[in-house]
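# Working through the structure, step by step
Here are the chains, one letter per residue:
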Amino acid sequence: MSSSVSPLTPKTVPDMPVIAGIRLATAEAGIRYKNRTDVLLAVMDKGTAVAGVFTKSKCPSAPVEWCRAKLKGGKARALVVNSGNANAFTGKTGRASTALTAKIAAKAVGCSESEIFLASTGVIGEPLDATKFDGVLGRLAETAEPGDYLAAAKAIMTTDTFPKVATATVKLGKAKVTINGMAKGAGMIAPDMATMLSFIFTDAPIAPAALQALLKSGVEDTFNAVTIDGDTSTSDTLLAFATGAAAGHGAPKISRASDPRLKAFVKAFNQVLANLAEQVARDGEGARKLVEITVEGAKTKASARKIAMSIANSPLVKTAIAGEDANWGRVVMAVGKAGEPADRDKLSISFNGIRVARSGARDPDYDEAQVSEAMKAPEIAIKVSLGLGKGRDRVLTCDLTKEYVAINGDYRS
């Protein structure tokens, strides 16, 4: 973890309500860090539905492979997350570690190993000593309580500078249901499913297939629309758990994602995902500016997304923003290299509402002093108008600073 907190840290942290059927506990297992918690155990009531989306990396971690296999069962009783070691690129040893962790957790919780879900984050390529969980998970299962999501979010941090939590409450039928979420991620962040590690909990009675559909749809314009450095992790995992406890208070049991009664829930669910995704962008390694990139007038939404990502992942664009330089030439470069339809002579670009380029040339009203002052803001909005169609999309990123290099240059040192 960084010794300094990101200047883009949210000014307030929400009070995280208790969710019936979820108990949490954290501990120091000594995986890599000293004098800090590095393992989280979430215990779920019987019958809890689970859904998940994972990295599309061709070199996934052992926990990702474990979760993919267990997701078919649709039910979960426990989640074990450790920080400090990703258990990725660890071969047979990594698979043995996941199996042993699941065995220890299943014994501690009193369930089948197929109902245990795992996630690991940290250094790639170093074996994870799962024997360190022996005894620890047993104590956590005994002491787990329905509450401290902030402590849970802290336990899964690596280079994060602040814990990331979000919550929403909405009516489903006659009952109020709660959605709580947490995430970790600050580097090796690029969308390719969901990104990083994130866990969503709700008491809504939603069947596994419906929950899976909601999750898969929800990530597209939230976690999949965030990039820090263009690198997709081997460990990216987003899991959602629905205990169904609200059914006892009048919430209808939902079996289809298309159920019209889910409309308000889906909106709230996606808001939690979007909130967490923005927090990840705010905590980008070494970040000093949150950057929103909007592309409009593209041929299609998919085309707008590709162009927005080309801009967001450009080191030249990101370093210019770090230097508070509205260098629209670099934005033009990123649009042009995206491989999507674009017409130089129809292109317009603005920074924080100030148009700097129009119709393929510098805006005639361009004022260097005005734009330079606008670039000092902690949040920068870049808008690109292509003038070709109705396609529109938005992505989030951050600037690229010298501190990013320092953090990653010293990561294993």
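One structure accompanies this document, and this report is about it. (Residues numbered from 1 in each chain as written. Predicted model: local features only at pLDDT ≥ 70, side-chain atom pairs only at ≥ 80, totals over all residues. Heavy atoms only, no water.)

## Notes on the pairing of strand 9 (residues 290-298)
Among the nine residues that make up strand 9, seven are buried, leaving the element largely enclosed by the rest of the structure. Note: strand 9 against strand 13 (residues 379-385), seven bridges, orientation parallel. Residue pairing across strands places Ile293 opposite Ile382, the latter belonging to strand 13. (Buried < 20%, exposed > 50% of the residue type's maximum accessible area, 1.4 Å probe, protein only. Helix = DSSP H or I, 4+ residues; strand = E, 2+ residues; numbered from the N terminus. Pairing = 2+ DSSP bridges.)

## Considerations on the nonpolar core
Formed by 54 residues in total, the largest nonpolar core has its most connected members in Val39, Leu79, Met182, Phe199, Phe201 and Leu239. Sorting elements by how many residues they give to this core places strand 2 (residues 39-54) first, with eight residues. Among all residues touching Leu79, those that are not within four sequence positions of it are Leu40, Leu41, Ala42, Met44, Phe117, Leu118, Phe199, Phe201, Leu239 and Phe241. Counting 44 residues, the second largest nonpolar core, distinct from the first, contains Ala183, Met196, Ile206 and Phe265. (Core = buried A, V, L, I, M, F, W, Y, C linked by side-chain atoms within 4.5 Å. Contact = heavy atoms within 4.5 Å.)

## Here's the deal with helix 9 (residues 328-337)
Taken residue by residue, helix 9 has Val331, Ala334 and Val335 as its buried positions. Looking down the long axis of helix 9, one finds its buried residues gathered within 100 degrees of arc, a one-sided arrangement. When the buried face of helix 9 is taken as reference, the exposed residues oriented beyond 90 degrees from it are Gly336 and Lys337. The elements touched by buried residues of helix 9 are helix 7 (301-312), helix 8 (315-322), strand 10 (348-351) and strand 13. Count one or two residues on from helix 9 and you reach Gly339, which has phi positive near 80 degrees. (Arc of directions from axis to C-beta.)

## Re the packing of helix 1 (residues 62-70) against helix 2 (residues 91-109)
Here helix 1 crosses helix 2 at 55 degrees, and the two axes come no closer than 9 Å. Relative to helix 2, the element helix 1 is oriented oblique. Crossing hand, helix 1 versus helix 2: right-handed. For the pair formed by helix 1 and helix 2, the contact residues are Ala62, Pro63, Glu65 and Trp66 on the first element and Gly94, Arg95, Thr98, Ala99 and Ala102 on the second. (Axes fitted to C-alpha atoms, helices over the stretch in contact; angles between N-to-C directions. Parallel < 35°, antiparallel > 145°, perpendicular 65-115°, else oblique. Left-handed = near helix turned anticlockwise from the far one by under 90°.)

## Regarding the pairing of strand 14 (residues 391-398)
Counting buried residues in strand 14 gives six out of eight residues, a clear majority hidden from the surface. In this structure, strand 9 lies alongside strand 14, joined through seven bridges in antiparallel fashion. Within strand 14, the position partnered with Thr294 by the bridge is Arg394.

## Points about the sheet that holds strand 9
The six strands lie next to each other as 12-11-10-13-9-14, forming an open sheet whose pairing is mixed. Bordering the open sheet on either side are strand 12 (361-362) and strand 14, each of which pairs with just one other strand. Relative to strand 11 (residues 354-358), strand 10 is paired through three bridges, and the arrangement is antiparallel. Across the sheet, Phe351 pairs through a bridge with Ile354, a residue of strand 11. Its contacts with the sheet place helix 7 against strand 9, strand 13 and strand 14, and it is angled at close to 25 degrees to strand 14. Packed on one face of the sheet, helix 8 meets strand 9, strand 13 and strand 14 and runs near 135 degrees to strand 13.

## Section: the environment of Val280
Looking at the secondary structure, you find Val280 in helix 6 (residues 263-282). It is 29 Å that separates the C-alpha atoms of Val280 and Pro205, two residues lying 75 residues apart in sequence.

## Considerations on the pattern of salt bridges
Within this structure, the stated rule accounts for 18 salt bridges. Between Glu296 and Lys383 there is a salt bridge; the shortest N-O distance is 3.6 Å. Of this pair, Glu296 sits in strand 9 while Lys383 sits in strand 13; the two residues are 87 residues apart in sequence, bridging distant segments of the chain. Its relative accessible area of 23% is what places Glu296 among the partly exposed residues. Across the salt bridge formed by Glu340 and Lys306, the nearest N and O atoms sit 3.6 Å from each other. Of this pair, Glu340 sits in the loop between helix 9 and strand 10 while Lys306 sits in helix 7, placing them 34 residues apart in sequence. (Salt bridge = Lys/Arg side-chain N within 4 Å of Asp/Glu carboxyl O.)

## What about the environment of Lys390?
With respect to the helices and strands, Lys390 occurs in the loop between strand 13 and strand 14. When the C-alpha positions of Lys390 and Gly297 are compared, they lie 4.9 Å apart, and in sequence the two are 93 residues distant.

## What to know about unusual backbone geometry
For Phe89, which is not a glycine, the phi torsion comes out positive at approximately 55 degrees. With respect to the helices, strands and loops of the structure, Phe89 is situated in the loop between strand 3 (75-85) and helix 2. The backbone of Asn352 sits at a positive phi, close to 50 degrees, despite the residue not being glycine. Along the chain, the position of Asn352 falls in the loop between strand 10 and strand 11.

## Digging into the state of the cysteines
Taken as a whole and assessed by the stated rule, the structure comprises zero disulfides. Of all cysteine sulfurs in the structure, the one in Cys67 sits closest to Cys59, which takes part in no disulfide; the separation is 18 Å. Of all cysteine sulfurs, the one in Cys67 lies closest to Cys111, which takes part in no disulfide; the gap is 13 Å. (Disulfide = S-S within 2.5 Å.)

## Structural notes on the side chain of Ser350
When you line up the elements, Ser350 lands in strand 10. Residues contacting Ser350, with those up to four places away along its chain left out, are Arg355, Val356, Ala381, Ile382 and Lys383.

## Remarks on helix 8
Of all the positions in helix 8, only Val317, Lys318, Ala320 and Ile321 are classed as buried. The buried side chains of helix 8 occupy one side of the element, clustering within an arc of 160 degrees when seen end-on. Against strand 9, helix 7, helix 9, strand 13 and strand 14 lie the buried residues of helix 8. Just past helix 8, the residue Glu324 takes up positive phi, approximately 55 degrees.

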